[in-house]
Amino acid sequence: MRKSSRRLNEKRERNIRRLNIFNYIIIFIICLIISCGGKMSKEVTPFYIKISGPMADRKQEISGMDWYENNLFLLPENLNGYVFLINKSDLDSRINKTDTSAITPQKIKFNTPDYKKTLPGFDSFEAIAFRGYEVYISIEIRFKDDMGCVLARGHIDEETLEITIPEQTLIPFKVPTFVDNMSYESLVIKKNRVYALFEANGDSLIENPYVLSVNVSGKNIKKHPTSSINYRIADATRIDQYNRFWAINYHYPGDKQTLKPSKDLMISRYGEGPTHSKSERVERLVEYKINKNRVILTGNPHIELELEGEKTSRKWEALARYGNKGFLIATDKYPTTILAYVSID
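Computed from a prediction, not measured in an experiment: that's the story for all the values here.

## Concerning the sheet that holds strand S15 (residues 210-215)
With antiparallel pairing, 4 strands are arranged side by side in an open sheet as S12-S13-S15-S16. Either end of the sheet is taken by a strand with one partner, and the two such strands are strand S12 (184-190) and strand S16 (222-225). Pairs of neighbouring strands in the sheet enclose a mean axial angle of 30 degrees, with direction left out of account. Where S15 meets S16, 4 bridges bridge the pair, whose relative direction is antiparallel. Paired with Ser213 across the strands is Lys222, a residue of S16.

## Some details on the packing of aromatic side chains
In this structure the tally under the stated criterion is 12 aromatic pairs. Taking 5.2 Å as the distance between ring centres and 65 degrees as the angle between the ring planes, the aromatic pair formed by Phe110 and Phe125 counts as edge-to-face. Placement of the pair is Phe110 in strand S6 (residues 106-111) and Phe125 in strand S7 (residues 122-131), with a sequence separation of 15 residues. Judged by its relative accessible area of 4%, Phe110 is buried. Given a relative accessible area of 1%, Phe125 falls into the buried group. Pairing Tyr322 with Tyr341 gives two aromatic rings, centres 5.3 Å apart and planes at 75 degrees, and the pair type is edge-to-face. Taken together, the positions of Tyr322 in strand S22 (residues 316-322) and Tyr341 in strand S24 (residues 339-343) put the pair 19 residues apart, joining distant regions of the chain.

## A short note on the layout of surface pockets
For the largest pocket, the calculated volume is near 310 Å³. Lining the largest pocket are 16 residues, and of these Asp240, Trp246, Arg321, Gly323 and Asn324 lie nearest its centre. Mapped onto the lining of the largest pocket, the elements with two or more residues apiece are strand S18 (244-251) and strand S23 (326-331). Across the lining of the largest pocket, the residue classes break down as 7 nonpolar, 4 polar and 5 charged. Its boundaries defined by the atoms lining it, the second largest pocket holds a volume of some 230 Å³. Along the wall of the second largest pocket there are 16 residues; nearest its centre are Ser228, Ile229, Leu265, Arg269 and Leu297. Examining the composition of the lining of the second largest pocket, we find that 4 residues originate from one element, helix H5 (residues 265-270), more than from any other. Its residues placed into classes, the lining of the second largest pocket shows 5 nonpolar, 6 polar and 5 charged.

## A word on the side chain of Ser227
If you trace the backbone, Ser227 turns up in the loop between S16 and strand S17 (229-236). Under the relative-accessibility criterion, Ser227 is labelled buried at 17%. At a separation of 2.9 Å, a polar atom in the side chain of Ser227 contacts the main-chain amide nitrogen of Leu297.

## Here's the deal with the pattern of salt bridges
One pass over the full model with this rule turns up 18 salt bridges. Salt-bridge contacts for Asp240 lead to Arg321; the nearest nitrogen and oxygen are separated by 4.0 Å. With Asp240 in the loop between S17 and S18 and Arg321 in strand S22, the pair connects residues that are 81 residues apart, well separated along the chain. Judged by relative accessible area, which is 27%, Asp240 ranks as partly exposed. A salt bridge links Glu317 to Lys315, with the shortest nitrogen-to-oxygen separation between them at 2.4 Å. In this structure, Glu317 and Lys315 share a single accessibility class: buried. In this structure, a network of salt bridges that share partners links the residues Asp90, Arg94 and Asp99.

## Points about a negative patch on the surface
The grouping of Glu69, Asp157, Glu158 and Glu159 at the surface amounts to a negative patch. Looking at the element boundaries, Glu69 is found in the loop between strand S3 (62-68) and strand S4 (71-76). A relative accessible area of 59% places Glu69 in the exposed class.

## Structural notes on empty space enclosed by the protein
Following the criterion strictly, the structure yields 1 cavity of 30 Å³ or more and no others. What the largest cavity holds in volume is close to 30 Å³. As for the largest cavity, its lining consists of Ala200, Asn201, Gly202, Leu205, Ile229, Asn230, Tyr231, Leu259 and Pro261. For the lining of the largest cavity, the secondary-structure elements that each account for two or more residues are strand S14 (200-201) and S17. Among the elements that take part in the lining of the largest cavity, S17 stands out by supplying 3 residues, more than any other.

## Remarks on the nonpolar core
Of all hydrophobic cores here, the largest spans 24 residues; its most connected members are Tyr136, Leu151, Phe173, Tyr184, Leu187 and Val194. Sorting the residues of this core by element identifies S7, strand S9 (147-156), strand S11 (171-174), S12, strand S13 (193-198) and S15 as the ones contributing at least two each. In this view, Phe173 contacts Gly148, Cys149, Leu151, Tyr184, Ala196, Leu212, Val214 and Ile221; residues no more than four positions away in its chain are not counted. Ranked by size, the runner-up nonpolar core spans 23 residues in total, among them Leu85, Phe110, Phe130 and Leu161.

The rules behind each value
- Residues numbered from 1 in each chain as written.
- Predicted model: local features only at pLDDT ≥ 70, side-chain atom pairs only at ≥ 80, totals over all residues.
- Heavy atoms only, no water.
- Pairing = 2+ DSSP bridges.
- Helix = DSSP H or I, 4+ residues; strand = E, 2+ residues; numbered from the N terminus.
- Axes fitted to C-alpha atoms, helices over the stretch in contact; angles between N-to-C directions.
- Phe/Tyr/Trp six-rings, centres within 6.5 Å; stacked < 30°, edge-to-face > 60°.
- Buried < 20%, exposed > 50% of the residue type's maximum accessible area, 1.4 Å probe, protein only.
- 1 Å grid on protein atoms, 1.4 Å probe; cavity = no way out; pocket = protein on both sides within 12 Å on 5 of 7 lines; lining within 4 Å.
- Points joined across faces, edges and corners; volume = space filled by probe spheres on them.
- Nonpolar A, V, L, I, M, F, W, Y, C, P; charged D, E, K, R; others polar.
- Polar contact = N/O pair within 3.5 Å; in protein donor to acceptor, adjacent residues only side chain to side chain.
- Salt bridge = Lys/Arg side-chain N within 4 Å of Asp/Glu carboxyl O.
- Patch = residues over 30% accessible without salt bridge, like charges linked within 9 Å, V, L, I, M, F, W, Y side chains within 5 Å.
- Areas by Shrake-Rupley, 256 points an atom, 1.4 Å probe, with all protein chains shown as cover.
- Lys, Arg positive; Asp, Glu negative; His and termini not counted.
- Charge placed at Lys NZ, Arg CZ, Asp CG, Glu CD.
- Core = buried A, V, L, I, M, F, W, Y, C linked by side-chain atoms within 4.5 Å.
- Contact = heavy atoms within 4.5 Å.

Here's what the structure looks like:
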């Protein structure tokens, strides 16, 4: 009888311990949700838009995109004398699935000086942004032990849609720290100022990260404190009426030694999706706000792009809004040229 009673008591104690552990886990989850304001990230499957023609060649290396009226311009990284254009109606029909054929983007003349001859360290075109008929391009400067950026200003012909960048309009931007092959890859325009976001803003690399801005006249460069964030910031959308914009936040595990990422606070606050929880890869969009003199992350959770396979990293380099329904996003050449739609409905 004593043994039976003792076993019964031990079993009861084990059940109580298990119940307490379960209660602690529930309380922790509730506290986590409350601390995040009930907001959690979501993982979205990108809808691939088929493309054909020259832009489908991964050697084009798409590095930026922006809207001019109802035309989406896509900027190749290389100095080749053209950009690509897709009309919104063509995108609408593919996204709405009323047309399943491939889009063949148009080649549009991109008239620039021969920067390989005139601009020491010229490496690539990285971002494009329109302000009316004005167009702004960020150009990456790369040396063996130094990086830089210049901002070029030009205009678009309203009839032919050709873009011209005069030679005399370059504005130099210094990088906050040397990280090989990383410069200012995102441009955002607010009224009469152009904001440029550095590609690497982790707290293990830069103690006090900042965004640079310049007046559209090319004068009065300012520094704006910004939020620390791991991984790369690769491109950004236009700002909305609330001065908010979204940016690509991307990580290829092979960059770990270069970027030295610390604890991922976005995951701590908002969680992560099924494919991200099983991988070191990161493919997501994060939201910023221009608030007075600062450019900071908002309190909204990030949007993750469902990862492809177990090892494939899609190097997203170009981003634009698609109305209020979602985003258009494109890779450079890894694993190939991809144009996709990301729904937020």
